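# Descriptive analysis of the structure
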Amino acid sequence: ILALMAPGIPRSASAQILAVGGQVPVNRSVLEDHTWGIGARGQLSLPLMGITLLGTADFYSPDCGDMGCEFQDASLSLLWSLPGIFAARPYFGAGVTIQKAGGGWSLEEGEDWGINDRGINFLAGIVLQGRSFRRFQPFLEGKYQAMQNFENQTVVSGGILLRVF
């Protein structure tokens, strides 16, 4: 499919945008409470076509008392926005998510184990760009994750992207 699209993809550097950044997510369903985390994201955009490939990784430390558990999340999503470059660019998309929980969650006293899960995500957000935000672009995003084993989750993230080129 990409080979068929290649002739229509603009080749100039201004038509392609690579951005990396940090984010602060809050997950609504980890241990039935709001759990704050820290994360990273990278994206490759073709703004003249309105397409973005987004990868994220989030790390949470839920309150498990003295057990000290951890929760990790990685997603790969395809986003769509209106073609062109605007001061504020709303977007929406879907993708896949993998998660791992481990550390202090245990089946029995003293037995630690890790749980892996996968699912799909649906997300929408807005990125500020334009003249005031040429290099650093703040964003706000909402994501719904439908998981196979874990409970479905709602995640709200905000952060700043650094436009590499």
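Residues numbered from 1 in each chain as written. Predicted model: local features only at pLDDT ≥ 70, side-chain atom pairs only at ≥ 80, totals over all residues. Heavy atoms only, no water.

## Notes on the packing of aromatic side chains
- Summed over the entire model, instances satisfying the criterion amount to two aromatic pairs.
- Their ring planes at 50° and their centres at 5.7 Å tell us that Tyr 60 and Phe 71 sit as a pair that is tilted. Of this pair, Tyr 60 sits in strand β3 (residues 51-60) while Phe 71 is found in strand β4 (residues 70-81), placing the two residues 11 residues apart along the sequence. Grouping residues by exposure puts Tyr 60 and Phe 71 together as buried.
- In this arrangement the basic side chain of Arg 41 is found over the ring face of Phe 139, its NZ or CZ atom lying 4.1 Å from the centre. (Phe/Tyr/Trp six-rings, centres within 6.5 Å; stacked < 30°, edge-to-face > 60°. Helix = DSSP H or I, 4+ residues; strand = E, 2+ residues; numbered from the N terminus. Buried < 20%, exposed > 50% of the residue type's maximum accessible area, 1.4 Å probe, protein only. Lys NZ or Arg CZ within 6 Å of the ring centre and 35° of its normal.)

## Notes on the pattern of salt bridges
- Counted according to the given criterion, the structure contains one salt bridge.
- Arg 41 serves as the salt-bridge partner of Glu 141, at 2.9 Å between the closest nitrogen and oxygen. Placement of the pair is Glu 141 in strand β7 (residues 136-147) and Arg 41 in strand β2 (residues 35-46), with a sequence separation of 100 residues.
- For Glu 141, a relative accessible area of 4% gives the class buried. (Salt bridge = Lys/Arg side-chain N within 4 Å of Asp/Glu carboxyl O.)

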